[in-house]
Amino acid sequence: MTGVSRGIDRIEAVFDDPHLVANAGLVVPATLMSRLGLEGLINQTVRLAGRVGGSRPGRKVLTLVATILAGGSHIDHADVLRSGATRAVLPFRVMAPSTLGTFLRAFTFGHIRQLDAVIAEALRRAWALGARPSDETMTIDLDSTICEVHGHQKQGAAYGYTRKLGYHPLLATVAETGEVLHARLRKGSSQRGAKRFVEELIARVRRAGAPAALCLRADAGFWSHGLIDTLARLGVGWSITVTINNSIRAVIDAIAQDAWIPISYPDGGEAAVAETTYVTGRGRRRRSYRLVVRRSRLTDPAQQALWPDWRYHAFVTSSIADAVTVDRFHRDHASVELAIRDLKEGAGMQHCPSGRFFANAAWLACAVLAHNIVRWTAQLGGTRHGDELTVARTVRARLLNLPGRLVNRSGRPTLRLPAHWPWATAFTTALGRIRNLPLVT
């Protein structure tokens with residue numbers, strides 16, 4: 001046995017220090033929660049009076065949000081907030097997991113809509129403090145995902161087109177920041193509700209102070225005349241992938257060869273872009289869209305022998321920019337997958353903790369709020385630089401999951417943190433900037 005291993009074996013572990021804080025960095029987003037007035041907002045908006053577990057919803061929602069911020073993915077993980085002096089760095093009373101489970105089961109569809117209103121108002125307040133994206137045109141990415149579950153006790157879970165058992169939520173995010181603007185949990189097999197979802201989404205972001213120019217990007221799952229009519233009525237631009245059926249294939253085949261403009265493409269492939277007009281319907285139902293098409297193929301001889309033909313990707317757009325520019329803009333829609341991944345891996349949506357559908361819908365709302373608080377903390381705390389992608393795991397590792405000891409120094413509570421912490425300057429800067437924010441009402 002080496003000397004190092006003998007040293008490790010001599011260390012005794014004792015859980016007896018009431019002054020240790022398990023996740024001392026929670027003081028930073030907790031300060032932002034208090035500046036946004038979230039507990040009072042939730043108590044005022046979510047009305048669960050008369051339902052078992054429905055009293056004082058503010059502290060219960062924020063306990064779930066703080067649990068997710070600390071890395072929790074199950075209701076039982078809320079117990080980490082009750083260890084040592086962790087409760088002292090939070091501006092609300094921490095609730096027990098059993099209480100939280102009862103609370104989530106008290107939700108109905110109407111109460112979920114109330115939680116949606118909380119998220120909308122929190123968005124408005126955060127943007128009022130300076131977290132609003134800076135672009136003159138706000139790009140909104142619309143997408144859906146699968147939250148996979150297991151077992152037969154998950155109410156509303158079903159097999160969809162992915163052949164996976166789960167739920168199928170709709171999500172809308174800001175392209176620049178990855179904030180989730182709106183989310184709606186649906187049954188696993190559902191493909192409906194996009195039109196109403198978009199109407200609520202646009203109303204929400206305009207109330208929150210979004211710029212006048214809005215543009216929505218979506219994939220072929222949302223391609224419909226009804227959605228485009230809704231966007232046109234609301235004064236919102238669009239860039240939506242279309243399903244290449246026989247009629248669209250005929251339009252693509254009619255494009256002249258000299259109309260294709262070569263574009264840069266990853267190594268081993270070549271691509272070109274062209275545009276045309278897609279006309280469908282007759283009489284009052286006649287519609288004309290600007291159709292932009294990108295074709296690509298492999299250039300490696302061995303691979304080209306297997307896939308010699310061009311592959312086509314087409315989308316309709318309201319933009320008047322040149323075809324190469326709008327194609328580049330539309331391809332950036334793929335960034336929504338990063339926000340969805342962060343919502344799942346960084347904000348607890350890899351797991352739906354309850355067997356009841358509306359309890360899981362409430363969990364989704366808490367996850368969205370935690371997801372956005374991570375981004376608002378980075379933006380308002382000055383830890384996000386330029387176009388740097390905000391990732392919850394990175395923020396958690398640098399700012400949130402650090403140990404601390406809460407002591408009394410000359411009558412002032414002091415949080416003692418590890419010496420030589422690599423991101424100490426970022427931590428103190430973020431805490432100072434957020435503490436200087438005014439209370440928003």
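Scoring rules and cut-offs
- Residues numbered from 1 in each chain as written.
- Predicted model: local features only at pLDDT ≥ 70, side-chain atom pairs only at ≥ 80, totals over all residues.
- Heavy atoms only, no water.
- Phe/Tyr/Trp six-rings, centres within 6.5 Å; stacked < 30°, edge-to-face > 60°.
- Helix = DSSP H or I, 4+ residues; strand = E, 2+ residues; numbered from the N terminus.
- Buried < 20%, exposed > 50% of the residue type's maximum accessible area, 1.4 Å probe, protein only.
- Pairing = 2+ DSSP bridges.
- Right-handed = clockwise from strand over helix to strand, strands pointing away.
- Axes fitted to C-alpha atoms, helices over the stretch in contact; angles between N-to-C directions.
- Contact = heavy atoms within 4.5 Å.
- pLDDT = per-residue confidence, 0-100.
- Core = buried A, V, L, I, M, F, W, Y, C linked by side-chain atoms within 4.5 Å.
- Parallel < 35°, antiparallel > 145°, perpendicular 65-115°, else oblique.
- Left-handed = near helix turned anticlockwise from the far one by under 90°.
- Nonpolar A, V, L, I, M, F, W, Y, C, P; charged D, E, K, R; others polar.
- Salt bridge = Lys/Arg side-chain N within 4 Å of Asp/Glu carboxyl O.
- Polar contact = N/O pair within 3.5 Å; in protein donor to acceptor, adjacent residues only side chain to side chain.

Draft legend 1. Expanded view of the packing of aromatic side chains. Applying the stated criterion across every chain, the model contains 7 aromatic pairs. A ring pair is formed by Trp260 and Tyr312, whose centres lie 6.1 Å apart and whose planes are at 50°; its orientation type is tilted. Separated by 52 residues along the polypeptide, Trp260 in the loop between α9 (246-253) and β10 (261-263) and Tyr312 in strand β13 (residues 311-317) bring together distant segments of the chain. Considering the side-chain rings of Trp421 and Trp423, the 5.8 Å spacing of their centres and the 70° angle between planes classify their relative orientation as edge-to-face.

Draft legend 2. Expanded view of the pairing of strand β9 (residues 237-241). Counting buried residues in β9 gives 5 out of 5 residues, a clear majority hidden from the surface. Here β9 shows a buried face lined by Gly237, Ser239 and Thr241 and a second buried face lined by Trp238 and Ile240. One ladder, built from 4 bridges, connects strand β8 (residues 213-218) with β9; its direction is parallel. From the neighbouring strand, Ala218 faces β9, where its bridge partner is Ile240. Each parallel crossover has a hand, and the one from β8 via helix α8 (residues 225-234) to β9 is right-handed. One ladder, built from 3 bridges, connects β9 with β13; its direction is antiparallel. Paired with Ser239 across the strands is Thr317, a residue of β13.

Draft legend 3. Region of the structure containing the sheet that holds strand β6 (residues 170-174). On the basis of which strands lie adjacent, the open sheet formed by 9 strands has the order β7-β6-β2-β8-β9-β13-β12-β11-β10 and mixed pairing. Sheet topology places β7 (180-184) and β10 at the edges, where each strand pairs with a single neighbour. Here the average twist between neighbouring strands, direction ignored, is 20°. Pairing between strand β11 (residues 269-280) and strand β12 (residues 287-298): 12 bridges, direction antiparallel. If you follow Thr280 over to β12, its bridge partner there is Arg287. Across the face of the sheet, helix α11 (residues 323-331) comes into contact with β2 (137-144), β8, β9, β10, β11, β12 and β13 while running at roughly 75° to β12. Strands in contact with helix α12 (residues 336-346) are β2 and β6; relative to β2, the strand with the most contacts, it is inclined by about 60°.

Draft legend 4. Main features of the sheet that holds strand β1 (residues 20-21). Here 3 strands make up an open sheet; going across it, the order is β1-β14-β15 and the pairing antiparallel. Of all the strands in the sheet, just β1 and β15 (412-416) have a single pairing partner and so form its edges.

Draft legend 5. Structural context of the confidence of the model for the protein chain. Summing up the model confidence of the protein chain, the mean pLDDT is 91 and the portion of residues at 70 or higher is 97%. Helix α10 (residues 301-306) is the least confidently modelled element of the protein chain, averaging 67 in pLDDT, while helix α2 (residues 27-36) averages 97, the highest of any element.

Draft legend 6. Up close: the nonpolar core. One finds Val65, Leu69, Trp127, Ile240, Leu291, Val316 and Trp376 to be the most contacted residues of the largest nonpolar core, which totals 127 residues. Sorting elements by how many residues they give to this core places helix α13 (residues 357-380) first, with 16 residues. Dropping the residues within four chain positions of it, Val65 is found in contact with Met33, Cys366, Leu369, Ala370 and Ile373. Counting 7 residues, the second-largest nonpolar core is a separate cluster that includes Val273, Val292, Ala323 and Val326.

Draft legend 7. A look at the packing of helix α4 (residues 57-69) against α13. Between α4 and α13, whose axes approach to 9 Å, the crossing angle comes to 60°. Between α4 and α13, the crossing angle belongs to the class labelled oblique. Crossing geometry of α4 relative to α13 is assigned as right-handed. The residues of α13 that touch α4, namely those facing Val61, Leu64, Val65, Ile68 and Leu69, are Trp363, Cys366, Ala367, Leu369, Ala370, Ile373 and Val374. Across the contact of α4 with α13, the residue classes break down as 12 nonpolar, no polar and no charged.

Draft legend 8. The arrangement of the environment of Lys60 in detail. With respect to the helices and strands, the residue Lys60 is situated in helix α4. Sequence spacing of Lys60 and Val94 is 34 residues, and the spatial spacing of their C-alpha atoms is 7.4 Å. Setting aside chain neighbours within four positions, we find Lys60 in contact with Gly53, Gly54, Ser55, Met95, Thr99, Leu100 and Phe103.

Draft legend 9. Representation of the pattern of salt bridges in the model. Here the structure, examined in full by the defined rule, presents 18 salt bridges. Put simply, Arg375 and Asp342 hold a salt bridge, and the shortest N to O gap is 2.6 Å. Separated by 33 residues along the polypeptide, Arg375 in helix α13 and Asp342 in helix α12 bring together distant segments of the chain. Judged by relative accessible area, which is 5%, Arg375 ranks as buried. The buried category is assigned to Asp342, whose relative accessible area is 7%. Through salt bridges that share partners, Arg113, Asp116, Arg184, Arg196, Glu199, Glu200 and Arg233 make up one connected network.

Draft legend 10. Region of interest: the side chain of Ser144. Within the fold, Ser144 resides in strand β2. Separated by 3.2 Å, the side chains of Ser144 and His168 make a polar contact.

Draft legend 11. Quick peek at the side chain of Asp116. Along the chain, the position of Asp116 falls in helix α6 (residues 109-131). Those residues in contact with Asp116 that lie beyond four places of it in its chain are His182, Ala183, Arg184 and Arg204.

Draft legend 12. Fine view of the pairing of β15. Direction of pairing for strand β14 (residues 404-409) relative to β15: antiparallel, over a ladder of 5 bridges. The residue bridging Asn408 from the neighbouring strand is Pro413, located in β15. Connecting β14 to the antiparallel partner β15 that follows it, the hairpin turn spans 2 residues, and Ser410 within it adopts a positive phi of roughly 55°.

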